[in-house]
Protein chains: 2
Amino acid sequence: MPPTTIPDIVIGRLPVYLRALTQFEISGNKVTSSHEMGEHLGISSAQIRKDLLHFGEFGKQGTGYNISYLKEQLEVILRVNQEWDVALVGAGGLGNAIVNYSGFRGRGFRIAVVFDNNPAKIGQKIDDLIVLSADQIKTKISKMRIRIAMVAVPSGQAQSVTNKLVEAGIESILNYAPTSLTVPSKVRIHHIDPVVGLQHMTYYM
Amino acid sequence: MPPTTIPDIVIGRLPVYLRALTQFEISGNKVTSSHEMGEHLGISSAQIRKDLLHFGEFGKQGTGYNISYLKEQLEVILRVNQEWDVALVGAGGLGNAIVNYSGFRGRGFRIAVVFDNNPAKIGQKIDDLIVLSADQIKTKISKMRIRIAMVAVPSGQAQSVTNKLVEAGIESILNYAPTSLTVPSKVRIHHIDPVVGLQHMTYYM
DNA sequence: AAAGTAATGTTAAGAAAGTGACAATACTTA
DNA sequence: TAAGTATTGTCACTTTCTTAACATTACTTT
């Protein structure tokens, strides 16, 4: 199954399926169906079946999907059957919240290092991690072989920080700054902007 | 131009266009083009023109788009030419970061009230706001006529909090908990889950 | 054991979204 | 002023995505 042929929009739904399966598992269920998942997520059952079929046959006709098995398979597909070290730039309020956020662990990610350019922040501890100077981004990330980073600095600094990260060899960036960023095409980027979601909804109000 | 006929996916891109225009404006530009915007956002110029044309003719042939004019128009379309009061449930690390986040102001939103169910948190001040008991969600939201809420509580409590919000008359919810939520069809919901973005990217790594 | 029920895997049709091309228009330069 | 350049508004085409339908398979009940 060559990954190149699978639409990106399908890949984007897999983490949502994975999250739903975790919920079902916590509820004590062993088996689910495309219908149940679709109901829960507001997606048609046909779409879920078709999406999964891009990667193999994970269900049993007449029965449905074994939750823990399908979960494992999705974790392998999404490469989160391992834990990725992630670098965080920005140790302000948002950065602190990100480090203390418990939702990364157990879903494939671990904040391994934090940078900031504010001398008052450097050297301070955030939950086990000592904040390093932004000057060390390149050396530290190279040395630690970190491939994923999060940007949680003010908009004005986001592009220059991103440039440093790219230079350091980062391949994927999660950007919390409310600004678009320019990166080489080989670097993947995702944006977390709550206002985009809010404005999308106010259109309908 | 009847709003009902405009695809939701188009609406979803408007906040991104608006954000880009703000960036251009900060850079001191007065005029932009669909080509420049597309370049900046990684979207084709034809798509941007087509999206905007759903709402009217905002550009001038040969010249491009006046940034401040197009910005104003998008703000009107998205209903953010006003400031919406937003209720926040959850005064933990994430809730604190949300209240202190400066990115809502100036983009149409203001955190107007904060709730938590932890007695240790109730009565505490977060940046001008006093944390109220979650028991007051219904009365307070009704009284203040708040229509938008954010959920920043642990996954296990997210659904019950959401139910309360819906009962209080909330129309749009921004959910920070890493879980899907069930709401009546009249209620709009958006999810902020950083792990979904990360897992989307690790697929390609 | 047979009939009934449930759910997948799979295909084809339909719907939606995106792209390319170009006439019309505005500005710029010689 | 005339020619050249830039860029929108717009349409038709192409590609992509979604949905509906159903044969096949597995389980459940009588």
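Calculation rules
- Residues numbered from 1 in each chain as written.
- Chains lettered and ligands numbered in written order.
- Predicted model: local features only at pLDDT ≥ 70, side-chain atom pairs only at ≥ 80, totals over all residues.
- Heavy atoms only, no water.
- Least-squares fit on C-alpha atoms with pLDDT ≥ 70 in both.
- Phe/Tyr/Trp six-rings, centres within 6.5 Å; stacked < 30°, edge-to-face > 60°.
- Buried < 20%, exposed > 50% of the residue type's maximum accessible area, 1.4 Å probe, protein only.
- Domains from an automatic or database assignment.
- Near = heavy atom within 4 Å.
- Polar contact = N/O pair within 3.5 Å; in protein donor to acceptor, adjacent residues only side chain to side chain.
- Helix = DSSP H or I, 4+ residues; strand = E, 2+ residues; numbered from the N terminus.
- Nonpolar A, V, L, I, M, F, W, Y, C, P; charged D, E, K, R; others polar.
- Salt bridge = Lys/Arg side-chain N within 4 Å of Asp/Glu carboxyl O.

### Description of the relation of the copies chain B and chain A
Here's step 1: Rotating chain B by 180 degrees about the axis while translating it 0.0 Å along that axis superimposes it on chain A, leaving an RMSD of 0.0 Å. Here the transformation between the copies is reduced to the relation of a two-fold axis. Of every C-alpha in chain B, the one belonging to Ala97(B) sits nearest the axis of rotation, 3.2 Å from it.

### Points about the packing of aromatic side chains
Here's step 1: If you walk through the whole model with that rule in mind, you get eight aromatic pairs over all chains.
Here's step 2: Centroid distance Tyr101(B) to Phe104(B): 5.1 Å. Interplanar angle 80 degrees. Geometry classified as edge-to-face.
Here's step 3: Take Phe104(B): its relative accessible area is 3%, and that puts it in the buried class.
Here's step 4: Through a chain of ring-to-ring contacts, the aromatic side chains of Phe55(A), Tyr203(B) and Tyr204(B) assemble into a single cluster.

### A word on the domain arrangement of chain A
Here's step 1: Here the domain parsing of chain A yields domain 1 (3-77) and domain 2 (84-196).
Here's step 2: Its C-alpha centre places domain 1 of chain A at a distance of 30 Å from the equivalent point of domain 2 of chain A.

### What about the protein's contact with DNA strand C?
Here's step 1: The environment of DNA strand C is formed by 25 residues, the closest being Ser34(A), Gly59(A), Gln61(A), Tyr65(A) and Gln61(B).
Here's step 2: In the interface set of DNA strand C, defined as its atoms within 4 Å of the protein, sugar plus phosphate atoms amount to 70%.
Here's step 3: The side chain of Arg49(B) places a nitrogen or oxygen atom 3.3 Å from a base nitrogen of DNA strand C.
Here's step 4: Of all the secondary-structure elements, those providing two or more residues to the surface near DNA strand C are helix H3 (45-53), strand E2 (59-60) and strand E3 (64-66) of chain A together with helix H1 (8-26) and helix H3 (45-53) of chain B.
Here's step 5: Sorting elements by how many residues they give to the surface near DNA strand C places H3(B) first, with four residues.
Here's step 6: Among the residues forming the surface near DNA strand C, the class breakdown is six nonpolar, 12 polar and seven charged.

### A closer look at the pattern of salt bridges
Close approach of charged atoms allows side chains of opposite charge to pair.
Residues and elements named next belong to chain B.
Here's step 1: In the structure shown here, the tally under the stated rule is 16 salt bridges over all chains.
Here's step 2: The residue Arg-110 makes a salt bridge to Asp-85 at a minimum N-O spacing of 3.0 Å. A residue pair is termed long-range when its members are at least 10 positions apart, and Arg-110 in strand E5 (residues 109-116) and Asp-85 in strand E4 (residues 84-89) qualify at 25 residues.
Here's step 3: Taking relative accessible area as the criterion, Asp-85 reaches 24% and is therefore assigned partly exposed.
Here's step 4: A salt bridge links Lys-138 to Glu-167, with the nearest nitrogen and oxygen atoms 3.3 Å apart. Pair noted here: Lys-138 is in helix H6 (residues 137-144) and Glu-167 is in helix H7 (residues 155-167), with a separation of 29 residues, a long-range link.
Here's step 5: Residue Lys-138 is classed as partly exposed on the basis of its relative accessible area of 41%.
Here's step 6: Given a relative accessible area of 52%, Glu-167 falls into the exposed group.

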